[in-house]
Amino acid sequence: MAAQQLATRTARAPPEPEFVLRGHSHAVTALRFLDEQRLVSGDVGGHCLLWNLATRRPVQNWAAAPLGVLELHAHAGGLLTQTRDGRIRLWDLENLAEPTTTLATNSFFFARCATVGHSEDYAAPPLPSIPKETTRPAKKAESGIGAQLASDDDEEEEVSMPPAKRWCDHVGHARHLVLAPTEPPEATLLWDTRQSQPALKLAPDAGDRTLVRKGDASVLGNAMAMRLWLPREQPSSKPPLALVGHENGRILAWDLAMPVPQICAKTPRDSFSSPNVALDVNEEGTLLFAGGVEATAKAFRVEPGLLKPHGSLEVTCASINELDQHPGVGQLALRGDGKVIASAGWDYRVRLFATKSLRRLAVLRYHDASVNALDWSSDLLATGSKDTKVAVWRLAF
């Protein structure tokens, strides 16, 4: 009987980290797997470390910016860093002396940028044919040499207008797109990092007036979280989406297939009562997870015209004991297979949920301060915390 009870307790014991990486002297704020053997971490002091997970040692350590690192992405064969100085920088990992490209977002707060996460370009339907423009010939001279040289053809000429160039017309765009915060703070920019200027500006006041009336952008507040979704299967009946969570708790979905991007869906007004700071969307673009400065994160079905409430996730413990523990999450991250989502809790815990049932699977307890960052690589989960440590977990369920 005692052996059976011990076996039961052992089976229910929460997982322990497979190993812990110690190299930062400041709070860890961003993580990104480049593959199963390499992980990049960034901290609030602006430093980045590239880790070899086989040796569990850093192989590169560099100052990415004078201010803190907000986000990291594998990007076009290199690395993208977003930092608190309002800059996005692209790095060649073989030569980290200087960034290869620097983009000015003019955003100096905490919103993290987003990339596509795969390399399948969006096959946009062709634009409607543009009517030909009619031009009249220049007025002929009535006499003299001008009259002698003038053409006898007085008919009007038709000139075809060249089609407008769209962000999705550039081959290879999926590998180079970045959705980033900007000014005014309720707006976002879509960049193709091969270009010096943004491809699109998504400003709520310029969107669908039936969803966000003119003048209501200030009610939305800052864009606090964002995700960029492009369908993998092409051609697709679903448009590419920019999903943006705002300071007042609303989430807006932008249809990027339109010649002028339009707000195509939104969450109900009472979904959140505080800022939305964490988003993730599944590969099919059908299920959105969102969390913020609240004890509960929520799931939404992505449907035409509506982000429909689908359920909730308890992401904070019932009793907050430590002095600097707070309700809410710093980040949400779906595993690659879409079956599990992890939450980075400000109560020092990481929680795992099944995305189909929304059932809690496990609570990971290791960190001694708020968990700020998460990333998956297959069944490996990396977690980064204000305690300066990075824990790596192997979670085969």
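Quick notes on the rules
- Residues numbered from 1 in each chain as written.
- Predicted model: local features only at pLDDT ≥ 70, side-chain atom pairs only at ≥ 80, totals over all residues.
- Heavy atoms only, no water.
- Phe/Tyr/Trp six-rings, centres within 6.5 Å; stacked < 30°, edge-to-face > 60°.
- Helix = DSSP H or I, 4+ residues; strand = E, 2+ residues; numbered from the N terminus.
- Buried < 20%, exposed > 50% of the residue type's maximum accessible area, 1.4 Å probe, protein only.
- Lys NZ or Arg CZ within 6 Å of the ring centre and 35° of its normal.
- Contact = heavy atoms within 4.5 Å.
- Polar contact = N/O pair within 3.5 Å; in protein donor to acceptor, adjacent residues only side chain to side chain.
- Pairing = 2+ DSSP bridges.
- Axes fitted to C-alpha atoms, helices over the stretch in contact; angles between N-to-C directions.

Trainee: Go over the packing of aromatic side chains with me, naming the residues and quoting the values.
Mentor: Applying the stated criterion across every chain yields a total of 3 aromatic pairs. With a centroid separation of 6.3 Å and 50 degrees between ring planes, the pair formed by Phe272 and Phe300 is classed as tilted. With Phe272 in the loop between β19 (262–266) and β20 (276–281) and Phe300 in strand β22 (residues 296–303), this residue pair connects regions lying 28 residues apart in the sequence. Across the pair, exposure class does not vary: Phe272 and Phe300 are buried alike. Against the face of Phe272 rests Lys298, its NZ or CZ located 5.3 Å from the ring centre.

Trainee: Can you tell me about the environment of Arg351, naming the residues and giving the values?
Mentor: Its location among the elements puts Arg351 in strand β26 (residues 349–354). When its relative accessible area of 3% is taken as the criterion, Arg351 is described as buried. Considered as a pair, Arg351 and Arg365 are 14 residues apart in the sequence and their alpha carbons are 9.0 Å apart. Other than its neighbours up to four places away in sequence, Arg351 contacts Glu314, Val315, Thr316, Cys317, Ile341, Ala342, Ser343, Arg360, Ala362 and Val363. Separated by 3.1 Å, the side chain of Arg351 and the backbone oxygen of Val315 make a polar contact. In this structure the side chain of Arg351 is engaged in a polar contact, spanning 3.1 Å, whose partner is the side chain of Asp347.

Trainee: Please give an account of the sheet that holds β19 that cites residues and values.
Mentor: An order of β16-β17-β18-β19 is seen for the 4 strands of this open sheet, with the pairing classed as antiparallel. The strands lining the two open edges of the sheet, one partner per strand, are β16 (223–229) and β19. For this sheet the average axis-to-axis angle between neighbouring strands, irrespective of direction, equals 25 degrees. As paired elements, strand β18 (residues 251–255) and β19 share 4 bridges and run antiparallel to each other.

Trainee: Report on the environment of Phe33, specifying residues and quantitative values.
Mentor: Take Phe33: it is sitting in strand β2 (residues 28–35). As for Phe33 and Ala74, which are separated by 41 residues in sequence, their C-alpha atoms are 7.8 Å apart. When sequence neighbours within four positions are dropped, the list of residues in contact with Phe33 reads Arg38, Leu39, Leu53, Asp375, Trp376, Ser377, Leu380 and Ala382.

Trainee: Describe the sheet that holds β26, with residues and values.
Mentor: Think of a sheet as strands paired side by side through backbone hydrogen bonds, with each pair either parallel or antiparallel. Pairing within the open sheet is antiparallel, and its 4 strands lie in the order β24-β25-β26-β27. Every interior strand has two partners, whereas the edge strands, β24 (329–334) and β27 (360–365), have only one. Mean inter-strand twist for the sheet, computed between neighbouring axes without regard to direction, equals 15 degrees. Here β24 pairs with strand β25 (residues 340–345) via 5 bridges, running antiparallel. Looking at the pairing, Leu334 lines up with Ile341 of β25.

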